[in-house]
Amino acid sequence: MQYAIAGRLLYIDKPMRAHTLMQAIARANRVYPGKDFGLIVDYNGMLKSLREALAQYALGDDGGAAEIVAPLEERVAALHHAIQVTEEYLRSIGFDPAQLLGSTGFTRIEHLANAVEAVYTSDETKRRYEILCRVVFNRFKALLVEPSALAYAERHDNLEAIYKKLTERRDTADVTELLKILHRIVNQTVLTQGTGGDQAAGLTIDLSQINMEKLRDEFGKKIKRKATVIEDIRQIVEEKLAQMLAHNPLRMNYEKKYQEIIAAYNQDKDRATVEDTFARLIELANSLSEEQRRAVAEGLSEEQLALFDLLTRDDLTKSDRERIKTASQALLAGVLDVIAPLDRWTEKETTQADVKTFILNNVFTELPDLPYTETDKLQVANGVYRHIWQQSVSNQLRPGASG
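Residues numbered from 1 in each chain as written. Predicted model: local features only at pLDDT ≥ 70, side-chain atom pairs only at ≥ 80, totals over all residues. Heavy atoms only, no water.

**Observations concerning the overall build of the protein**
Phase 1 of the analysis: A tally of regular secondary structure across the protein gives 15 helices and 5 strands.
Phase 2 of the analysis: Looking at the protein as a whole, 41% of its 403 residues are labelled buried.
Phase 3 of the analysis: Summarising the internal contacts of the protein: among those between residues at least 6 apart in sequence, 67% fall at separations of at least 24.
Phase 4 of the analysis: Looking at the protein as shown, the accessible area adds up to about 22200 Å², and 51% of this sits on carbon and sulfur atoms. (Helix = DSSP H or I, 4+ residues; strand = E, 2+ residues; numbered from the N terminus. Buried < 20%, exposed > 50% of the residue type's maximum accessible area, 1.4 Å probe, protein only. Contact = heavy atoms within 4.5 Å. Areas by Shrake-Rupley, 256 points an atom, 1.4 Å probe, with all protein chains shown as cover.)

Now the structure itself:
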């Protein structure tokens, strides 16, 4: 037997050349879910034959001859350098990764929390750390079965543990977590309902009833890892904003306000700025909650409210406003009826024209001539069409949305 393939490994103990060698390597190196690469174990000193075969049969990404990977010593040195650079970066932002070496239990949890706090210094520090880590991970993975790489395993694992904490926070943050954070910070400044046990677990909090000055003061005094708390709240606000903007494009003013808050936060990190960012994010979260309740207050679905916002204007009389509200409900129901039997209507000019014509006719019929001019109505109709088109493309229009 010239060679044997075991799982991801190709053991070569007999001379092989040219296409026979390339074919054997290709079989071992074939990837599929759960298998990212193959490993060649050469017992026969075939580097020269492999170079010749690659030069003859293989092409690199640029169309030239493929190259042999760097020698093992160079790859280990590259891993060592990547780890050193990443660890030095952590030190530069206020955390010494040496604290994690050999740490266990609550001590390790504390150190990881401090590391995460340092990485959250700004958006740029977080991005930079994640980029550096990915270089470390790729280089370590390429040396996974090499004994010489094991000397770096703990340092790699520590960097990975911090990295995973960042990802973990993005995946699990929600409104419930925000409420628990607020409850722990200012137990006396929020109105709660419910009795017994752990109130944070079954908490109902009216964000509009928070004493913002008290909240800000307590945040400044009691919270040790302020950047981490702000990151938690940011993730919650971003998730809520994404959900709300998906339904209603006229909510972009909330997104603009959020970006202004974060721009100021990233620009200056003195204590006053950090505390101000916290307070402004809580206020924004409160306004988002109020906005989410507006559809219910108007007696509309989220989809109907989006059309109502596109149709309405500030100078309407009370009766005209109610008329527009009814018109938005009818318009959505009609549009859904029109597009329901159409196959991929957003991709064809004829079906696009059918939908646009329906919207134009509806808008010109239902909107009052005063205060709407013909130009106003045309602008409204175009805005409604663009919204319906975008919602359809992103699969946001639900069959029962008009009910």
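**Here's the deal with unusual backbone geometry**
Phase 1 of the analysis: Here the residue pair Leu370 and Pro371 is connected by a cis peptide bond, since its omega of 10° sits within 30 degrees of zero.
Phase 2 of the analysis: By the secondary structure assignment, Pro371 is in the loop between α14 (349-366) and α15 (374-393).
Phase 3 of the analysis: Unlike most non-glycine residues, Arg344 shows phi in positive territory, near 50°.

**Notes on the packing of helix α3 (residues 72-92) against helix α5 (residues 123-141)**
Phase 1 of the analysis: Packing of α3 against α5 leaves a shortest axis separation of 9 Å and a crossing angle of 160°. One way to sum up the angle between α3 and α5 is to call them roughly antiparallel. The two elements α3 and α5 cross, and the hand of that crossing is left-handed. Listed contacts from α5 to Ala78, Leu79, Ala82, Ile83, Val85, Thr86, Tyr89 and Leu90 of α3 are Glu124, Thr125, Arg128, Tyr129, Leu132, Cys133, Val135, Val136, Arg139 and Phe140. (Axes fitted to C-alpha atoms, helices over the stretch in contact; angles between N-to-C directions. Parallel < 35°, antiparallel > 145°, perpendicular 65-115°, else oblique. Left-handed = near helix turned anticlockwise from the far one by under 90°.)

**Overview of the packing of aromatic side chains**
Phase 1 of the analysis: Following the criterion strictly, the structure yields 2 aromatic pairs and no others.
Phase 2 of the analysis: Centroid distance Phe137 to Tyr163: 5.2 Å. Interplanar angle 90°. Geometry classified as edge-to-face. A residue pair is termed long-range when its members are at least 10 positions apart, and Phe137 in helix α5 and Tyr163 in helix α6 (residues 153-172) qualify at 26 residues.
Phase 3 of the analysis: With a relative accessible area of 17%, Tyr163 lands in the buried category.
Phase 4 of the analysis: With centroids separated by 6.1 Å and ring planes inclined at 70°, the aromatic side chains of Trp345 and Tyr385 adopt a geometry described as edge-to-face. Here Trp345 is found in the loop between α13 (318-339) and α14, whereas its partner Tyr385 is found in helix α15, with 40 residues between them in sequence.
Phase 5 of the analysis: Accessibility expressed as a relative area gives 5% for Trp345, which makes it buried.
Phase 6 of the analysis: By relative accessible area, which is 10% here, Tyr385 ends up buried.
Phase 7 of the analysis: One Lys or Arg, Arg313, reaches over the ring of Tyr372 and ends 5.2 Å from the middle of that ring. (Phe/Tyr/Trp six-rings, centres within 6.5 Å; stacked < 30°, edge-to-face > 60°. Lys NZ or Arg CZ within 6 Å of the ring centre and 35° of its normal.)

**Remarks on the pattern of salt bridges**
Phase 1 of the analysis: Scanning the entire structure with this criterion turns up 23 salt bridges.
Phase 2 of the analysis: Across the pair Arg225 and Glu110 runs a salt bridge, and its minimum N-O distance is 2.8 Å. One end of the pair, Arg225, is in the loop between α8 (212-222) and α9 (226-247); the other, Glu110, is in helix α4 (residues 105-119), and 115 residues separate them in sequence.
Phase 3 of the analysis: For Glu238, the salt bridge is made with Arg234, and the minimal N-O distance between the two is 3.6 Å. Pair noted here: Glu238 and Arg234 are both in helix α9, with a separation of 4 residues, about one helical turn.
Phase 4 of the analysis: A residue is classified by how much of its surface remains accessible, and Arg234, at 5% relative accessible area, is buried. (Salt bridge = Lys/Arg side-chain N within 4 Å of Asp/Glu carboxyl O.)

**Re α15**
Phase 1 of the analysis: Taking 1.5 Å as the rise per residue, α15 with 20 residues should run 28 Å; its terminal C-alpha atoms sit 28 Å apart, in good agreement.
Phase 2 of the analysis: For α15, the set of buried residues is Lys377, Val380, Ala381, Gly383, Val384, Tyr385, His387, Ile388, Gln391 and Ser392.
Phase 3 of the analysis: Looking at the buried side of α15, the elements it contacts are α9, α12 (302-311), α13 and α14.
Phase 4 of the analysis: Asn395 occupies a position one or two residues after α15 and carries a positive phi of about 60°. (Expected span 1.5 Å × (residues − 1).)

**Some remarks on the side chain of Glu87**
Phase 1 of the analysis: Along the chain, Glu87 turns up in helix α3.
Phase 2 of the analysis: Sequence-distant contacts of Glu87, defined by excluding residues within four places in its chain, comprise Pro97, Arg155 and Leu159.

**Side note on the confidence of the model for the protein**
Regions with low pLDDT should not have their predicted coordinates read in detail.
Phase 1 of the analysis: Mean pLDDT over the protein works out to 80, with 77% of the residues at or above the 70 mark.
Phase 2 of the analysis: Per-element confidence in the protein is highest for α4, whose mean pLDDT is 95, and lowest for strand β4 (residues 192-193), whose mean pLDDT is 37.
Phase 3 of the analysis: Per-residue pLDDT stays below 50 along residues 1-7; that stretch engages in 21 contacts with residues further than four places along the chain or on separate chains.
Phase 4 of the analysis: The low-confidence segment residues 188-205, where pLDDT is below 50, has 26 contacts with residues more than four positions distant or belonging to other chains. (pLDDT = per-residue confidence, 0-100.)

**Quick notes on helix α11 (residues 271-298)**
Phase 1 of the analysis: Helix length check: α11 (28 residues) gives 41 Å between terminal C-alpha atoms against 40 Å at 1.5 Å per residue, within 8%.
Phase 2 of the analysis: Gln292 marks the point of greatest bend in α11, at about 25°.
Phase 3 of the analysis: A positive backbone phi angle near 75° is found at Gly299, which sits one or two residues after α11. (Bend = angle between axes of the 7 residues up to and from the residue.)

**Observations concerning the side chain of Gln391**
Phase 1 of the analysis: Position of Gln391 relative to the elements: it lies in helix α15.
Phase 2 of the analysis: Polar contacts involving the side chain of Gln391 include one to the main-chain carbonyl oxygen of Ala246, which spans 3.2 Å.
Phase 3 of the analysis: Contacts of Gln391, omitting those with residues within four sequence positions, involve Ala246, His247, Gln396 and Leu397. (Polar contact = N/O pair within 3.5 Å; in protein donor to acceptor, adjacent residues only side chain to side chain.)

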